[in-house]
Amino acid sequence: MLKKLILENWKSFRYAELPLDPLTVLIGTNASGKSNVVEALVFLQRIARGENVEAALAGDKTLTSIRGGLEWAALKPETQFTLNALVQGEDDKADYLYVIQTQIVSEVKVIEEYIERQNLNEDHTIKYVENFTVKKIDLNTKSGMKEAGTYFDFKDIVSNHIYLSTDEDGRLIFEKELQKRYFPLKIKAINCVVSTLKEILILNPIPSKMREYSRLSDTLESDASNIAGVLAALSEEHKTEVESTLSNYIKDFPEGDIQKLWAEKVGRFGTDAMLYCQEEWKPGHITEIDAKTMSDGTLRFIAILTALLTRPEGSQLVIEEIDNGLHPSRAELLVRTLREIGSKRKIDILLTTHNPALLDALGPEIVPFVVVAHRDSETGESKLTLLEDIENLPLLLASGTLGRLATKGAIEKSLSDNK
Ligand SMILES: Nc1ncnc2c1ncn2[C@@H]1O[C@H](COP(=O)(O)OP(=O)(O)OP(=O)(O)O)[C@@H](O)[C@H]1O
Ligand SMILES: [Mg+2]
């Protein structure tokens, strides 16, 4: 799981930290830097999937460009940026900090890329030698991690280091022996980081694309265009379970009832699929419709539900402007859905929103997990502040709910006044 993202000289940020919890909400006025934060996650995900840095930033035949491409990746007028991602280890012994520093001058290149092991419990008797050899894993690829599964040549890493040390009895351990012993720890660290970053999904559902027939697939596209294909490709048992949960949550979403929602394989070879639902607008009167006629808001909600139900457990889901197309009266349902399925399936969710109704529906318990983006009034740089760290927060909250404060711009005002 991702625990924290640190941006250095990335887009509008000089330095910022974003803690990531099971549900994290990023707010801030227009152009405060919210999408810039999300794009840092896009970049990391692409690198972990084996894209080279240039394609990850500027796009290629299959990838869209990160806004502004190479030219706007680093904070103007800097020519380097560093992204750090703190990833939770698989046991409670250590976390891993993945660091990638990139330079963009005449060409774009990775200057440094490594994983640093961060021991969680100082008292834990991790042997000195283990600490020493596994502390910093230099990925040393200069072009970003490579193809999935073979991220780099292991010889590359070890050849740059001299691994001579002593074991617990003071005997000299030879390099080879040491490598053999601690190699699995390195592989574990790399796998943990790569699989966590690879599985980040930035969901930006585009209803018009969701209305088309889609190919069967086991991974949901970022624009949710293949939603029907993902549902239809599930095993019979899993499909029944997912569709029944989907139908339960979607039931109360539109004005009339949606009785049932499902995907079906279509065509002679059954390689494509379409989404269907049964609507009941008049009591006892059931109409079957397909995705081509479903409303934009309904499709977006279905996309969010499907992501929550089909993404791998423990993965990070990012939803930009989650309120897009959402009627204020449905904010409670959306929040309940996110919390219930998110915690059941251990999906960590990062949201950006402008919607006062949604902020209110999240309730006071969300306060420790709200991060505010704003532009520093002197430098113009973006900053991230935990809502809880705003000095006069109790006073602010006494004067209105989070939604009301956001509407008045009171939080951002307080941030610039506090300077
Ligand atoms: N390399 C860069 N250096 C300095 N500023 C940058 C850089 N790249 C982007 N910006 C600034 O970031 C701002 C856009 O930020 P972003 O799109 O993250 O805002 P947002 O909070 O998502 O806003 P909205 O709510 O409108 O979507 C622009 O004003 C742009 O000037
Ligand atoms: Mg934005």
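Along each chain, residues carry numbers from 1 onward, in the same order as the chain's sequence is written. Going through the entries in the order they are written, you letter the chains from A and number the ligands from 1. Only residues with pLDDT of at least 70 get local features here, since the model is predicted, and only at 80 or more are side-chain atom pairs given and counted; chain-wide, interface and lining totals rely on the full set of residues.

1. Description of the sheet that holds strand S15 (residues 316–319)
Thinking step 1. A strand pair is defined by DSSP finding two or more bridges across the two strands. Helix and strand definitions follow DSSP, with helices as H or I runs of at least four residues and strands as E runs of at least two, each counted in order from the N terminus. A sheet is described by the order of its strands in space; here six strands give the open sequence S10-S15-S16-S3-S17-S18, paired in mixed fashion. In the strand order of this sheet, the two ends are held by strand S10 (201–203) and strand S18 (382–386), each with one partner. Each adjacent strand pair in this sheet contributes to an overall mean axis angle of 20 degrees, direction not counted.
Thinking step 2. The sheet contact formed by strand S17 (residues 370–375) and S18 spans five bridges and is antiparallel. Following the sheet pairing, Val372 is matched in S18 by Thr385.
Thinking step 3. What counts as a contact here is a pair of residues whose C-beta atoms, placed from the backbone, lie within 7 Å. Note on method: axes are straight lines fitted to C-alpha atoms, helices fitted across the in-contact stretch only, with angles between N-to-C directions ranging 0 to 180 degrees. In this fold helix H1 (residues 34–48) packs onto strand S3 (23–27), S10, S15, strand S16 (348–352), S17 and S18, with an angle of close to 140 degrees to the strand it touches most, S10.

2. Some details on the nonpolar core
The nonpolar side chains of a soluble globular protein tend to be buried with one another.
Thinking step 1. Within the largest apolar cluster, 112 residues are counted, with the highest numbers of intra-cluster contacts made by Val193 and Ile227.
Thinking step 2. Not counting the four nearest positions on each side in its chain, Ile227 is found in contact with Met210, Ser214, Leu220, Leu275, Ile302, Ala303 and Thr306. Connectivity within a nonpolar core runs through C-beta atoms within 7 Å, and the core itself is a set of buried Ala, Val, Leu, Ile, Met, Phe, Trp, Tyr and Cys residues. In this scheme every C-beta is placed from the backbone, and a residue whose C-beta has 20 or more other C-beta atoms within 10 Å is buried, one with 12 or fewer is exposed, and one in between is partly exposed.

3. Notes on the site of ligand 1
Thinking step 1. For each residue, a C-beta atom is positioned from the backbone; the residue is called near a molecule or strand if that atom sits within 6 Å of it. Among the 16 residues in the neighbourhood of ligand 1, the closest are listed as Ser12, Asn30, Lys34, Ser35 and Asn36.
Thinking step 2. Considering every element that reaches the shell around ligand 1, the biggest residue donor is H1, with three residues.

4. Side note on the packing of helix H8 (residues 236–250) against helix H9 (residues 296–310)
Thinking step 1. Running from N to C, H8 and H9 cross one another at 140 degrees; their axes reach a closest spacing of 10 Å. The orientation of H8 relative to H9 falls into the category oblique. For the crossing formed where H8 meets H9, the hand is right-handed. Together, Val242, Thr245, Leu246, Tyr249 and Ile250 of H8 and Phe301, Ile302, Leu305, Thr306, Leu309 and Thr310 of H9 make up the contact between the two elements.
Thinking step 2. Residue polarity follows a fixed list, in which Ala, Val, Leu, Ile, Met, Phe, Trp, Tyr, Cys and Pro are nonpolar, Asp, Glu, Lys and Arg are charged, and the others, Gly among them, are polar. Class assignment for the residues of the contact of H8 with H9 results in eight nonpolar, three polar and no charged. Orientation is classified from the angle alone, with under 35 degrees giving roughly parallel, over 145 giving roughly antiparallel, 65 to 115 giving roughly perpendicular, and any other angle giving oblique. Handedness of a helix crossing follows the sense of rotation of the near helix relative to the far helix, less than a right angle counterclockwise being left-handed and clockwise being right-handed.

5. Remarks on the environment of Cys192
Thinking step 1. Here Cys192 shows up in helix H5 (residues 175–198).
Thinking step 2. In sequence terms Cys192 and Tyr96 are 96 residues apart; their C-alpha atoms lie 8.2 Å from each other.
Thinking step 3. Each residue touching Cys192, except ones within four places of it in the same chain, is listed here: Val87, Gly89, Glu90 and Tyr96.

6. Observations concerning the environment of Ala307
Thinking step 1. Turning to its location among the elements, Ala307 is positioned in helix H9.
Thinking step 2. Note on Ala307: 24 C-beta atoms within 10 Å, which makes it buried.
Thinking step 3. As for Ala307 and Thr219, which are separated by 88 residues in sequence, their C-alpha atoms are 9.3 Å apart.
Thinking step 4. Setting aside residues no more than four positions away along its own chain, Ala307 makes contact with Leu201, Leu203, Leu220 and Leu317.

7. With respect to helix H14 (residues 410–417)
Thinking step 1. When H14 is considered as a whole, its buried residues turn out to be Ile411, Glu412 and Leu415. The buried residues of H14 all sit within an arc of 95 degrees when viewed along its axis, so they share a single face.
Thinking step 2. Structurally, H14 contributes buried residues whose contacts are with S17, S18, helix H12 (393–399) and helix H13 (402–408). This arc corresponds to the set of directions leading from the helix axis out to the C-beta atoms.

8. Overview of the confidence of the model for the protein
Detailed reading of the predicted coordinates is not advisable wherever pLDDT falls low.
Thinking step 1. Per-residue confidence from the predictor is reported as pLDDT, a score between 0 and 100. The predicted model of the protein has a mean per-residue pLDDT of 86, with 84% of residues at 70 or higher.
Thinking step 2. Contacts from residues 123–129, a stretch scored under 50 in pLDDT, to residues over four places away or in other chains number nine contacts.
Thinking step 3. The low-confidence segment residues 140–164 (pLDDT under 50) makes 47 contacts with residues lying over four places distant or belonging to another chain.

9. Description of the pairing of strand S2 (residues 15–19)
Thinking step 1. Residues Ala16 and Leu18 point to one face of S2 and are all buried, whereas Tyr15, Glu17 and Pro19, pointing to the other face, are not buried.
Thinking step 2. In this structure, strand S1 (residues 2–8) lies alongside S2, joined through five bridges in antiparallel fashion. Residue pairing across strands places Ile6 opposite Glu17, the latter belonging to S2.
Thinking step 3. Where S1 hands over to S2, the hairpin turn is made up of six residues, of which Asn9 adopts a positive phi near 55 degrees.

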